[in-house]
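# Examination of the molecular architecture
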Amino acid sequence: MDAIAVTLGLITKSRSLFANNNRRRVVLLGFDGVEPRIVRSMIEKEQLPNLKTVMKQGDFLNLTSTIPPQSPTAWSSFATCKNPGEHGIYDFLRRDPKTYFPGLALGSVHPPEFDEQGNLKKEPYFETYRKGTPFWKIADEQGIRCKVLNMPYSYPPDTLKNGLMLSGLGVPDIRGTESLFFVFSDRFTEEELKQSISGGMRIKLNFRDSIAEVKLPALRNSINPKNGFIEANISFKVDKTTKKVTINLLNQNSIQIEQGNWSDWIEWEFPVTEKYSVKAISKFFVKKIDEEVNIYMSCLQFHPRYPYIPFTHPVKYSQELAERYGLYKTIGWNYDTHALRQDVLTEDVFLDDVRKTMAWHETLMLDELNKEDDWKLLMTMWMATDRVAHLFWRFRDPQHPEYDAEKAKIYGEALEETYRIMDRVIGNAIKSVREDDWLIIMSDHGFNTYRKGFNLGTWLIREGYLVVEGQTNAETAYNDQAFLLGYDWNKTKAYALGLGSIYLNIEGREKNGIVKNEQIKALREEIKNKLLSVKDPQTGVSVISNVYSCENFSGNEVENAPDLILGYHEGYQSTKAAAKGSAPQSIFEDNLDKWSGDHVATDYKLIPGMMITNKGINTHSPHLQDIGVSILSYLDLNVPQDLQGKNILES
Ligand SMILES: [Zn+2]
């Protein structure tokens, strides 16, 4: 009798608890790479009123990022509530130890397959290398409707029974690249046309009677890769007096654009076989119709009505968004940082695009937030904060080699301006947040200046760990070839790849490995200690704050972890050349790139993200892994035992 009464009591209790908690919802706004030090100082100056309101209701804490604090690693730990040893994403490149050949660490596009008649045999798809289940999928399986918008590094989108998802960063263009712009000019020299430019392609315009015809290499011919690219014919007709260009696209109406303006979305169709074609969208920007003609075109993005590979769940959600708002950016790398770095787009055009894109995402967020379709978890992610910090830091650091005092007067507050837009977005979201809702505003890592590059491979050569083919003197040897080519593997003990990773050349694991199992620990320790004593020869300042090893991780994917991961002091990063596996002549070089702020290989302890919430947090140091677990707990859902985060919400 008693037992039954107790049981009944429990049932009643849990039911009433459920009735209460059933009203609970979670709204999470994730802003990539927001630096908490800047936010704190802006809040003090009353420049972020909405963030201040939220902070006063709950908490503002630094949020511990991952080792390394790179976005793919950080967002993967956020999604899976697990350390990189479980999800397997450590850096943007990985290498195959059997060939030493590097490849992308995140995933890759598999092109469509056809039968001999050109009929589609297998749809193209994207394979992700991230392991583990995101927490919104766990919530979905327990009957919760989740809306996951612009989620970075979660591509392909998860199949949700109850919810919807729009993948963000990681969605490639139709060429399978992160994003590849085109720039057309009549002034390109032969030399310039031969050079490859990062994230873009130059195409020469040869005008005859003010008309130039070109072929646009759209996507690789997957039926016959030797035939190169499937091309589209475009003609440009310029009128230098009116500063207008008329662009004729095969099978489409011509469009006219004036200097300094964007086109509307252009819709493309590229036939791969007689029965299968790929559709895409892009936009032109006319930079100059003057002595020089210079026209930019964005990457060829997936068409939201006919996506080459779906980037939403359900698939029709991408079409629904196009019905609601018209065509929209679908590329994951949704700000063309490459074009700004190559001087193809200007700072003004870039920032204007930031404002417009953020406004579009804000509209989408508010529409989904205000829809009474019984959602319980809504997350929207924003990349602009990270991109503006990467590119405009040079205007806020007078000691940066690329600092320009005149331009600093104009762009010195570009990041603050972006944070003010973030605050506006939050203010508009707050209006729809109810008392029972948990509002979380967070960033995955912070930011700092990047003044000087460190050539990790060159340092390894000087110290005798890495050996260049035919090398005679370690003091002067170097290797400009990328992708780990040109090293003498039979003499190499350690090599560098990615933004701060070192791999040992281990016998039995690497093709020509020479480091024996019993030597691994001591070698790791030796390299670590030498790195910690590296000083900047110009200033005498210590360069590396900490060095982490695969022992910092646990899980099935540890075997693919780098053996050592650098954590730089503020101001230093690995150079781009080092990241690609080259070893340029000198160990240090000034950072002369517009990519002037960074975080990727900074010691994660120096570069936390932030967490501002309308509810109290029970720890001083929440971790990215904790958020998903806490959300599941708040929504009264089962938390699988293997998740590594903690519930950090004050009870
Ligand atoms: Zn990030």
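Per-chain numbering applies: the sequence of each chain, read as written, is numbered from 1 onward. Whole-chain, interface and lining totals are the exception, using all residues; otherwise, since this is a predicted model, local features are given only for residues with pLDDT of at least 70 and side-chain atom pairs are given and counted only at 80 or more. To obtain the side-chain values, all non-hydrogen atoms of the structure were included, while hydrogens and water were left out.

### Regarding the coordination of the zinc ion
Tetrahedral coordination by four donors places them ideally at 109.5 degrees to one another around the metal; octahedral coordination by six donors ideally gives 90 or 180 degrees. Here the coordinating atoms are restricted to nitrogen, oxygen and sulfur within 2.8 Å of the metal centre, or 3.2 Å for Na, K and Ca, and because water is not among them the sites may look incomplete. Bound to the zinc ion on the protein side are Asp32 (OD), Asp32 (OD), Ser71 (OG), Asp444 (OD) and His445 (NE2), at distances that span 1.9 to 2.7 Å. Donor residues for the zinc ion sit on one chain with the sequence pattern D-x38-S-x372-D-H. Of this pair, aspartate 32 sits in the loop between β1 (25–31) and α2 (36–44) while serine 71 is found in helix α4 (residues 71–80), placing the two residues 39 residues apart along the sequence. Residue exposure (1.4 Å probe, protein chains only): buried if accessible area is under 20% of the type maximum, exposed if over 50%, otherwise partly exposed. For aspartate 32, a relative accessible area of 0% puts it in the buried group. A run of H or I in DSSP counts as a helix once it spans at least four residues, and a run of E counts as a strand once it spans at least two, with each numbered from the N terminus.

### Focus on the packing of aromatic side chains
Any two rings among Phe, Tyr and Trp, with Trp reduced to its six-membered ring, count as a pair given centres within 6.5 Å; such a pair is stacked if its planes are under 30 degrees apart, edge-to-face if over 60, and tilted if neither. Scanning the entire structure with this criterion turns up 35 aromatic pairs. Their ring planes at 50 degrees and their centres at 4.9 Å tell us that phenylalanine 184 and phenylalanine 236 sit as a pair that is tilted. Here phenylalanine 184 is found in strand β11 (residues 181–185), whereas its partner phenylalanine 236 is found in strand β14 (residues 229–239), with 52 residues between them in sequence. Phenylalanine 184 gets classed as buried once you look at its relative accessible area, which sits at 0%. The interplanar angle of 40 degrees and the centroid separation of 5.5 Å between the aromatic rings of phenylalanine 395 and tyrosine 411 together place this pair among those described as tilted. Here phenylalanine 395 is found in the loop between α11 (384–392) and α12 (405–411), whereas its partner tyrosine 411 is found in helix α12, with 16 residues between them in sequence. A relative accessible area of 3% places phenylalanine 395 in the buried class. Judged by relative accessible area, tyrosine 411 falls into the buried class, the value being 8%. Here a set of aromatic residues connected by ring pairs shows up, and it is made of Tyr100, Tyr487, Trp489, Tyr495 and Tyr503. Look at NZ for Lys and CZ for Arg. If either is within 6 Å of the ring centre and within 35 degrees of the ring normal, a charge sits over the ring. For lysine 279, the ring lying beneath its charged end belongs to tyrosine 306, and the centroid distance is 4.7 Å.

### Digging into the sheet that holds β11
The sheet built from 4 strands is open, its strands ordered β12-β11-β20-β19 with mixed pairing. Edge positions in the sheet fall to β12 (200–204) and β19 (284–289), since each has one partner strand and no second. Mean inter-strand twist for the sheet, computed between neighbouring axes without regard to direction, equals 15 degrees. In this description, strands pair whenever DSSP reports at least two bridges between them. When β11 meets strand β20 (residues 293–297), the two strands line up antiparallel, connected through 4 bridges. Looking across to β20, one finds that serine 185 is bridged to asparagine 294. Fitted lines through C-alpha atoms serve as axes, helices being fitted only where they are in contact, and the angles separating the N-to-C directions of these axes extend from 0 to 180 degrees.

### Section: helix α8 (residues 316–325)
Among all positions in α8, only Tyr317, Ser318, Leu321 and Ala322 are buried. Viewed along the axis of α8, the buried residues span an arc of 150 degrees, placing them on a single side of the element. Residues Lys316 and Glu323 are exposed on α8 and point more than 90 degrees away from its buried face. Working note: the arc is built from the helix axis to C-beta atom directions.

### Some remarks on the side chain of histidine 87
Looking at the secondary structure, you find histidine 87 in helix α5 (residues 84–87). For histidine 87, a relative accessible area of 0% corresponds to the buried category. Pairing of N or O atoms within 3.5 Å defines a polar contact, subject to two protein rules: one partner must be a possible hydrogen donor and the other a possible acceptor, and residues neighboring in sequence count only if both atoms are side-chain atoms. Separated by 3.1 Å, the side chain of histidine 87 and the backbone nitrogen of isoleucine 89 make a polar contact.

### Points about unusual backbone geometry
Across the junction of isoleucine 67 and proline 68, the peptide omega takes the value -10 degrees, indicating a cis bond. Along the chain, proline 68 falls in the loop between β2 (59–63) and α4. Cis rather than trans, the peptide bond between tyrosine 155 and proline 156 has omega equal to 0 degrees. Of note, aspartate 343 is a non-glycine position whose phi angle comes to about 65 degrees, a positive value. Examined against the element boundaries, aspartate 343 turns out to sit in the loop between α9 (337–341) and α10 (347–370).

### With respect to the confidence of the model for the chain
With 96% of its residues at a pLDDT of 70 or more, the chain has an overall mean of 94. Known as pLDDT, the predictor's confidence for each residue is given on a scale from 0 to 100. When checking whether two residues touch, look at their non-hydrogen atoms; a contact exists if any pair is within 4.5 Å. Predicted confidence is poor over residues 1–19, with pLDDT under 50, and the contacts of this stretch with residues over four places away or in other chains come to 2 contacts.

### Side note on the environment of aspartate 186
Following the sequence through the fold, aspartate 186 ends up in the loop between β11 and α7 (190–194). Residues aspartate 186 and lysine 580, 394 residues apart in the sequence, show an inter-C-alpha distance of 32 Å. Contact partners of aspartate 186, with chain neighbours within four places excluded, come to Lys204, Leu205, Phe207, Glu291, Glu292 and Val293. In this structure the side chain of aspartate 186 is engaged in a polar contact, spanning 2.9 Å, whose partner is the backbone nitrogen of valine 293.

### Things to note about the pattern of salt bridges
Should a side-chain nitrogen of Lys or Arg be within 4 Å of a carboxyl oxygen of Asp or Glu, the pair is scored as a salt bridge. The tally for this structure, following the rule as stated, stands at 42 salt bridges. For arginine 355, the salt bridge goes to glutamate 417, with nearest N and O atoms at 3.0 Å. Highlighted residues: arginine 355 in helix α10 and glutamate 417 in helix α13 (residues 414–430), separated in sequence by 62 residues. Taken together, the salt bridges that share partners define one network made up of Arg145, Lys147, Glu320, Arg324, Glu368, Lys371 and Asp373.

### Overview of the environment of phenylalanine 184
Along the chain, phenylalanine 184 and isoleucine 514 lie 330 residues apart, while their C-alpha atoms are 49 Å from each other. With residues up to four places along the chain from it excluded, the contact list for phenylalanine 184 reads Ile203, Leu205, Val214, Leu216, Ile234, Phe236, Phe284, Val293, Asn294, Ile295 and Met297.

### Notes on the nonpolar core
Side-chain atoms within 4.5 Å link the members of a nonpolar core, which is a set of buried Ala, Val, Leu, Ile, Met, Phe, Trp, Tyr and Cys residues. In terms of nonpolar packing, the biggest core is built from 90 residues, with Leu29, Val39, Phe78, Trp136, Phe392, Ile441 and Ile631 touching the most fellow members. Looking at this core element by element, the count peaks at 8 residues for α13. Judged by nonpolar contacts, the second largest core, of 51 residues, contains Ile203, Ile230, Phe236 and Tyr276.

### Brief notes about the side chain of glutamate 35
In this fold, glutamate 35 is placed in the loop between β1 and α2. Residue class for glutamate 35 comes out buried when judged on its relative accessible area of 3%. Other than its neighbours up to four places away in sequence, glutamate 35 contacts Tyr419, Gly446 and Phe447.

### Structural notes on the sheet that holds strand β29 (residues 564–568)
In space, the 4 strands of this open sheet follow the order β26-β27-β29-β28, with antiparallel pairing throughout. The sheet is open, and its two edges are formed by β26 (494–497) and β28 (544–549), each paired on a single side. Each adjacent strand pair in this sheet contributes to an overall mean axis angle of 25 degrees, direction not counted. Across 5 bridges, β28 lies against β29 in antiparallel orientation. In the sheet register, valine 547 faces β29, and the bridge partner there is leucine 566.

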